[in-house]
Amino acid sequence: MSTVQVTAEKSYLNRPKAIGIKVRKPSFNPKAIRRHFFANSPVMSHLLTALSSTFPIGEQFFVHSVRNVRDKITDEKLQAQIAAFIGQEAMHSKAHTEFNDAWRRDDYNLDSFQAWLARRDAFIKSVHPKLQLAVTAAFEHFTALLGGYILRHPEVLSTLDDDAVKLWVWHAIEEIEHRSVAFDVYQAIYKDDRTRRTVMRNVTTGFASLTFYSATRLFMQDWKKSLPKVPQNIFGIYMISKMLISLIPEYLSYYKADFHPDEIDYSKIVAYWKEKLADDYGMESFQEEVHPPLYS
């Protein structure tokens, strides 16, 4: 082993652990989740499944965009956060791959849409690393907003099966934990707020149209079971509208010159759900965290 390799290895071993970002293994049974798992509403369920279908490729791209520029980061604390961010995103990609695989049926096919996503992924990876990182920072703002909304509205979660709660709440907590990593990396290297805001505008229109398109495709594939559930669909549309309207102020905060993701305080609601996942849902990774073993 060369001197350079030994030095790099020792540096990695001596790196401080990330504070507030913990890599956890998911604990849920994707096959136990019903197709219309959100309040028996096809509209809302297909929307969340559409989002899930983007996560495996999306999470891998987020990791790629940060790794692109990781060698430019000299701050050890941020390097530790990057390592934890990569670990969490890898687990998210794995969990949603399992969720998506459980939904593959003759009448409910995600493959063609995911093939299209793969082509878009190849394209976006060809642009400048600065733009790739700005895209990731924008998407991380979205996922943190959605995660925060889910955690703050127990009426949303009360309609879900236990395994759906385990997946979506676990994911929401970790998105909130690492929401500032890509942003901090971008600011440390580029600190170009004009580009950051421009990219967010483009991501917003692209993300909205992509989600609407994919959710509509899933709804139409499932139309025989989806269309008859009129009251449930109306409820789903109501919930989506309510969520989008309530998130406008937090979304717009991204355009402020002095914006930082950590300015939105989720600490109390995250602590509440960590304890609930540990005690009420028996998730071991949260049990160890909420109730650490006592040593004499």
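Residues numbered from 1 in each chain as written. Predicted model: local features only at pLDDT ≥ 70, side-chain atom pairs only at ≥ 80, totals over all residues. Heavy atoms only, no water.

- Under an unreviewed UniProt entry, the chain has the name Metal-dependent hydrolase and belongs to Acinetobacter bereziniae LMG 1003 = CIP 70.12.

### Details of the overall build of the chain
Moving on, step 1. A tally of helices and strands in the chain yields 14 helices and zero strands.
Moving on, step 2. Mapped in sequence order, the helices and strands of the chain form the string α-α-α-α-α-α-α-α-α-α-α-α-α-α.
Moving on, step 3. For the chain, the C-alpha atoms occupy an extent of roughly 65 × 55 × 40 Å along the three principal directions.
Moving on, step 4. Buried positions account for 51% of the 296 residues belonging to the chain.
Moving on, step 5. Long-range contacts, defined as pairs at least 24 residues apart, comprise 84% of the intrachain contacts of the chain with a sequence gap of at least 6.
Moving on, step 6. Carbon and sulfur atoms make up 59% of the accessible area of the chain, which totals about 14900 Å².
Moving on, step 7. Positive and negative side-chain charges of the chain, numbering 37 and 35 respectively, have mean locations separated by a distance of 4 Å. (Helix = DSSP H or I, 4+ residues; strand = E, 2+ residues; numbered from the N terminus. Buried < 20%, exposed > 50% of the residue type's maximum accessible area, 1.4 Å probe, protein only. Contact = heavy atoms within 4.5 Å. Areas by Shrake-Rupley, 256 points an atom, 1.4 Å probe, with all protein chains shown as cover. Lys, Arg positive; Asp, Glu negative; His and termini not counted. Charge placed at Lys NZ, Arg CZ, Asp CG, Glu CD.)

### Some words on the packing of aromatic side chains
Moving on, step 1. Applying the stated criterion across every chain yields a total of 16 aromatic pairs.
Moving on, step 2. Seen from their ring centres, Phe61 and Phe62 are 6.2 Å apart, and the 65 degrees between their planes marks the pair as edge-to-face. There is no split in this pair, since Phe61 and Phe62 are both buried.
Moving on, step 3. Connected via pairs of aromatic rings, a cluster forms that spans Phe61, Phe62, Phe139, Phe142, Phe183, Phe207, Tyr251, Tyr254, Tyr255 and Phe259.
Moving on, step 4. Across from the ring centre of Tyr254, 4.7 Å away, lies the NZ or CZ of Arg196, which sits over that ring. (Phe/Tyr/Trp six-rings, centres within 6.5 Å; stacked < 30°, edge-to-face > 60°. Lys NZ or Arg CZ within 6 Å of the ring centre and 35° of its normal.)

### Comments concerning the confidence of the model for the chain
Moving on, step 1. Residue-level pLDDT values for the chain average 89, and 93% of them are 70 or greater.
Moving on, step 2. Contacts from residues 1-13, a stretch scored under 50 in pLDDT, to residues over four places away or in other chains number two contacts. (pLDDT = per-residue confidence, 0-100.)

### Here's the deal with helix H9 (residues 193-221)
Moving on, step 1. For H9, which comprises 29 residues, the first-to-last C-alpha distance of 41 Å matches the rise-based estimate of 42 Å (1.5 Å per residue) to within 8%.
Moving on, step 2. For H9, the N-terminal capping position is held by Asp192, with its side-chain oxygen 3.2 Å away from the main-chain nitrogen of Arg194. (Expected span 1.5 Å × (residues − 1). Polar contact = N/O pair within 3.5 Å; in protein donor to acceptor, adjacent residues only side chain to side chain.)

### Quick look at helix H8 (residues 181-189)
Moving on, step 1. Listed in full, the buried residues belonging to H8 are Val181, Ala182, Phe183, Val185, Tyr186 and Gln187.
Moving on, step 2. The inward-facing, buried residues of H8 abut helix H2 (42-69), helix H3 (76-102), helix H5 (129-152) and H9.
Moving on, step 3. Phi turns positive one or two residues past the end of H8, at Lys191, with a value near 50 degrees.

### Notes on unusual backbone geometry
Moving on, step 1. One non-glycine residue with positive phi stands out, namely Ala39, at about 50 degrees.
Moving on, step 2. Within the fold, Ala39 resides in the loop between helix H1 (3-13) and H2.
Moving on, step 3. The phi dihedral of Lys191 is positive, around 50 degrees, even though this residue is not glycine.
Moving on, step 4. Assignment of secondary structure puts Lys191 in the loop between H8 and H9.

### Observations concerning a nonpolar patch on the surface
Moving on, step 1. A grouping of Met220, Trp223 and Leu227 is seen on the molecular surface, where their side chains present a nonpolar patch of about 320 Å² in accessible area.
Moving on, step 2. Here Trp223 shows up in helix H10 (residues 223-226).
Moving on, step 3. Accessibility expressed as a relative area gives 43% for Trp223, which makes it partly exposed. (Patch = residues over 30% accessible without salt bridge, like charges linked within 9 Å, V, L, I, M, F, W, Y side chains within 5 Å. Salt bridge = Lys/Arg side-chain N within 4 Å of Asp/Glu carboxyl O.)

### Structural notes on the side chain of Ser214
Moving on, step 1. By secondary structure assignment, the location of Ser214 is in helix H9.
Moving on, step 2. We classify Ser214 as buried; its relative accessible area is 2%.
Moving on, step 3. From its side chain, Ser214 meets the backbone oxygen of Thr211 in a polar contact 3.1 Å long.
Moving on, step 4. Excluding anything up to four places from it in sequence, Ser214 contacts Ala50 and Phe113.

### Side note on the pattern of salt bridges
Moving on, step 1. Inspection of the entire model under this criterion finds 15 salt bridges.
Moving on, step 2. In this structure, Arg35 and Asp222 form a salt bridge, with 2.7 Å as the shortest nitrogen-oxygen distance. Of this pair, Arg35 sits in the loop between H1 and H2 while Asp222 sits in the loop between H9 and H10; the two residues are 187 residues apart in sequence, bridging distant segments of the chain.
Moving on, step 3. Residue Asp222 is classed as buried on the basis of its relative accessible area, which comes to 2%.
Moving on, step 4. As a salt-bridge pair, Arg196 and Asp193 come within 3.2 Å of each other at their nearest N and O atoms. Of this pair, Arg196 and Asp193 are both found in helix H9, three residues apart, which corresponds to roughly one turn of the helix.
Moving on, step 5. Note on Asp193: relative accessible area 19%, which makes it buried.
Moving on, step 6. Three or more residues joined by partner-sharing salt bridges are found here, namely Arg24, Glu174, Glu177, Lys274 and Glu289.

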